[in-house]
Amino acid sequence: MKSKRSSFLLATISVVLLLFTLELIGRTTLCFVMKYPFWQPSKKFYPELEKILREPISQTDDKFDILILGGSAISMEFGLPINKALDSLLNQPVNGLKVRIFNAAIPAHTSLDNLNKYKLLVKKKFDLVIYYEAINETRANNIPKQHFSDDYRHILWYYDLDLIKRHPEINWTVLPFITHKGVNLLIDKLKGKKFLELHTVNPDYVKFGKEIKTAKPYFQNVKQIVMEAQKRGEKLLLMTYALYIPPSVIGNGGYTDYRDFAGCQYPSPLWLWGDPINVQIGVNQHNVAIRQLADQHQTYFLDMDKKMLRAKNSYCDLCHMTDSGGKEFASKLYQYMIDNHLFVR
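In this report, the structure presented in the accompanying data block is examined. One numbering rule holds for all chains: residues counted from 1, following each sequence as written. Given that the model is predicted, a residue must reach a pLDDT of at least 70 before its local features are reported, and side-chain atom pairs must reach 80 or more before they are shown or counted; all residues, however, enter totals for whole chains, interfaces and linings. Excluding hydrogens and water, the side-chain values take into account all heavy atoms of the structure.

### Overview of the packing of helix H3 (residues 80–89) against helix H10 (residues 323–339)
And step 1. Here the axes come from fitting lines to C-alpha atoms, over the contacting stretch only for helices, and the angles between their N-to-C directions go from 0 to 180 degrees. Only DSSP runs of H or I with at least four residues qualify as helices, and only runs of E with at least two residues qualify as strands; both kinds are numbered from the N terminus onward. Here H3 crosses H10 at 45 degrees, and the two axes come no closer than 7 Å. Compared by their axis directions, H3 and H10 come out oblique. For the pair H3 and H10, the crossing hand works out as right-handed. Across the interface between the two elements, Pro-81, Ile-82, Ala-85, Leu-86 and Leu-89 of H3 pack against Asp-323, Gly-326, Lys-327, Phe-329, Ala-330, Ser-331, Leu-333, Tyr-334 and Met-337 of H10.
And step 2. Each residue receives one of three labels: charged for Asp, Glu, Lys and Arg, nonpolar for Ala, Val, Leu, Ile, Met, Phe, Trp, Tyr, Cys and Pro, and polar for the others, Gly being one of them. Taken together, the residues that form the contact of H3 with H10 break down as 10 nonpolar, 2 polar and 2 charged. To sort the angles, those under 35 degrees are grouped as roughly parallel, those over 145 as roughly antiparallel, those from 65 to 115 as roughly perpendicular, and the leftovers as oblique. Handedness of each helix crossing follows the sense of rotation of the near helix against the far helix: counterclockwise by less than a right angle gives left-handed, clockwise gives right-handed. By definition, residues are in contact when any of their heavy atoms lie within 4.5 Å.

In C-alpha cells:
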C-alpha cells in the first residue's frame, strides 16, 4: 500500500512538473517569439485602452471627453502634428467645460480594431467620438480572393484575436490556447490557406490588391460603431479620409519616391499598404461607405477628403501629415466642432 502511495505521489509530482515546464515553455515562446506579455497574454491586444479604462469618464461632470478612433494618421505617434495642433486649440475650456482627448488610434489598426475597442469601452460615457481611418483596411486586399475573409482572419493578428476570445483562461494557462492555435494552423496550412501580417504586405500578393474586397466589411464595421454610439447616446463624428497620391504616381505603375513629399524625418514606406494606385481605389470606396453611413444615420460628418489641401509640403507620405498639414487638419476639425455646436450637451 505504501509503495502504491509513493508511486501515485511520484506520478502526480511528475505530471505537475511536466505541466509547469510546458507552461513555462509556452509562455516564453509567446513572449519572445510572438510578442505576447509574459504574465497576462490577453493584454497583447489593445493595451492602449488600459489608461482610458482607469479614468472616470462621464457626461455629467465638468469635462467634455472626446474619444478618437483611427489609425496612425491621427495617432499620438505618427499623427503628432494633428494632435499637437488640436491640443493647442482645445487648451481652454469651451462652454465652461474642460476638454479632454482620449486617443485610442494606433498604427495599422482597421475599422475592426476600432469597433472592438469601442465595444471594450462600453462603460465609459464619452461626449463625442471621432472616427478617422480608411487606409489600413486596404492592406487586407493584397491576397487572392479565395483566401480573403470578411472578418479579416486571413491576417494573423485577427486570427489570434478571434482565437483568444475563445480562451478566457489564457492568463492562467496558455496551454489550451497554444494547442488550439497549433492544431488550427496545421489544418489551415494543409488546406493551403494563405495569411497576411498586420503591418506588411507580401510582394507576391500586391497584384491582388486591385480587387477591393474590404468595402463590404468596412461598411459593416463602421455601421456597428454608428449603432453603438446611438445606443449609448454619444455624439459621433465620421470623417472621410484625406489620402495624398502625387500626380507622378498615375501612369507610372504606382511608383513614386519621397521627392513627391515634404521630406519628413520618418516617412512611411510608400508601398506599406500595397500599390498606391490600388490603395487610392480602396480608400475612395471606404470614403463612399463613410458618406453613405453618415447620410443614412444622420451622424455628424466632416468630408475631410474634400476639405484638405493636397500639397507636397502638407504630407510626409500617402497619409501622414507635416506640421503645416496637421495644423490645417486640426483647424478644420476644430472649426467644424464649433460651427456644429458639438461642445453643447
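### Points about the pairing of strand S3 (residues 128–132)
And step 1. Only protein chains enter the accessibility calculation, which uses a 1.4 Å probe; a residue is then buried when its area is under 20% of its type maximum, exposed when over 50%, and partly exposed in between. In terms of burial, S3 is largely enclosed, as 5 of its 5 residues are buried.
And step 2. With burial as the criterion, each face of S3 is covered, one bearing Leu-128, Ile-130 and Tyr-132 and the other bearing Val-129 and Tyr-131.
And step 3. In short, DSSP must find at least two bridges between two strands for them to pair. Pairing of strand S1 (residues 63–70) with S3 involves 5 bridges; the strand directions are parallel. Pairing of Ile-68 across the sheet is with Ile-130, part of S3.
And step 4. Looking at chain direction, S3 and strand S4 (residues 235–239) are connected through 4 bridges and run parallel.

### Points about the nonpolar core
And step 1. Among the buried residues, those of types Ala, Val, Leu, Ile, Met, Phe, Trp, Tyr and Cys that are joined through side-chain atoms within 4.5 Å form a nonpolar core. Grouped together as the largest cluster of nonpolar side chains are 92 residues, with contacts concentrated most on Ile-66, Leu-67, Tyr-132, Met-239, Phe-329 and Leu-333.
And step 2. If we ignore the near neighbours within four places in the chain, the residues touching Met-239 are Ile-74, Ile-130, Tyr-131, Tyr-132, Ile-290, Leu-302, Met-304, Phe-329 and Leu-333.

### Details of the side chain of His-147
And step 1. As for its position among the elements, His-147 is in the loop between S3 and helix H5 (156–164).
And step 2. On the basis of relative accessible area, His-147 is assigned to the buried category, the value being 14%.
And step 3. With sequence-adjacent residues up to four places away left out, His-147 is seen in contact with His-154, Gly-192, Lys-193 and Lys-194.

### Some thoughts on the sheet that holds strand S2 (residues 98–103)
Either a parallel or an antiparallel arrangement is found when strands of a sheet pair, and the pairing is made through backbone hydrogen bonds.
And step 1. Reading across the sheet, the 5 strands line up as S2-S1-S3-S4-S5 and stay open at both edges, with parallel pairing between neighbours. The open sheet has two edge strands with one neighbour each: S2 and strand S5 (300–302). This sheet shows a mean twist of 20 degrees between the axes of neighbouring strands, independent of strand direction.
And step 2. Sitting on the sheet, helix H8 (residues 276–297) is in contact with S3, S4 and S5, with an inclination near 150 degrees to S4.

### Let's talk about helix H4 (residues 111–120)
And step 1. Burial runs high along H4: 8 of the 10 residues are buried.
And step 2. The complete set of buried residues in H4 reads Ser-111, Leu-112, Asp-113, Asn-114, Leu-115, Asn-116, Lys-117 and Tyr-118.

### Side note on a nonpolar patch on the surface
And step 1. Patch building starts from residues that exceed 30% relative accessible area and form no salt bridge, then joins like charges within 9 Å and nonpolar side chains (Val, Leu, Ile, Met, Phe, Trp, Tyr) within 5 Å. Surface accessibility in these figures is a Shrake-Rupley result with a 1.4 Å probe; residues are shielded only by whichever protein chains are displayed. One side-chain nitrogen of Lys or Arg within 4 Å of one carboxyl oxygen of Asp or Glu is enough to make a salt bridge. A grouping of Val-15, Leu-18, Leu-19, Leu-22 and Ile-25 is seen on the molecular surface, where their side chains present a nonpolar patch of about 450 Å² in accessible area.
And step 2. For Ile-25, the location among the structural elements is in helix H1 (residues 2–32).

### Structural notes on the pattern of salt bridges
And step 1. For the structure on display, the rule yields 18 salt bridges.
And step 2. A salt bridge links Lys-63 to Asp-62; the nearest nitrogen and oxygen atoms lie 3.4 Å apart.
And step 3. Relative accessible area serves as the criterion here: at 25%, Lys-63 is assigned to the partly exposed category.
And step 4. Look at Asp-62 and you get partly exposed, because its relative accessible area is 47%.
And step 5. Here Asp-127 and Arg-345 are joined by a salt bridge, their closest N and O atoms 2.9 Å apart. Placement of the pair is Asp-127 in the loop between H4 and S3 and Arg-345 in the segment after H10, with a sequence separation of 218 residues.
And step 6. One continuous salt-bridge network, built from bridges that share partners, spans Arg-291, Asp-303, Asp-305, Lys-306 and Arg-310.

### Some points on H10
And step 1. Multiplying one less than the number of residues by 1.5 Å gives the expected span of a helix. Taking 1.5 Å as the rise per residue, H10 with 17 residues should run 24 Å; its terminal C-alpha atoms sit 24 Å apart, in good agreement.
And step 2. Regarding H10, the residues found buried are Gly-325, Gly-326, Glu-328, Phe-329, Ala-330, Leu-333, Tyr-336 and Met-337.
And step 3. Directly after H10, the chain includes His-341, whose backbone phi takes a positive value near 55 degrees.

### Section: the environment of Phe-45
And step 1. Along the polypeptide, Phe-45 turns up in the loop between H1 and helix H2 (49–54).
And step 2. For the pair Phe-45 and Arg-139, spaced 94 residues apart in sequence, the C-alpha to C-alpha distance is 19 Å.
And step 3. Those residues in contact with Phe-45 that sit more than four places away from it in its chain are Tyr-36, Trp-157, Asp-160, Leu-161 and Ile-164.

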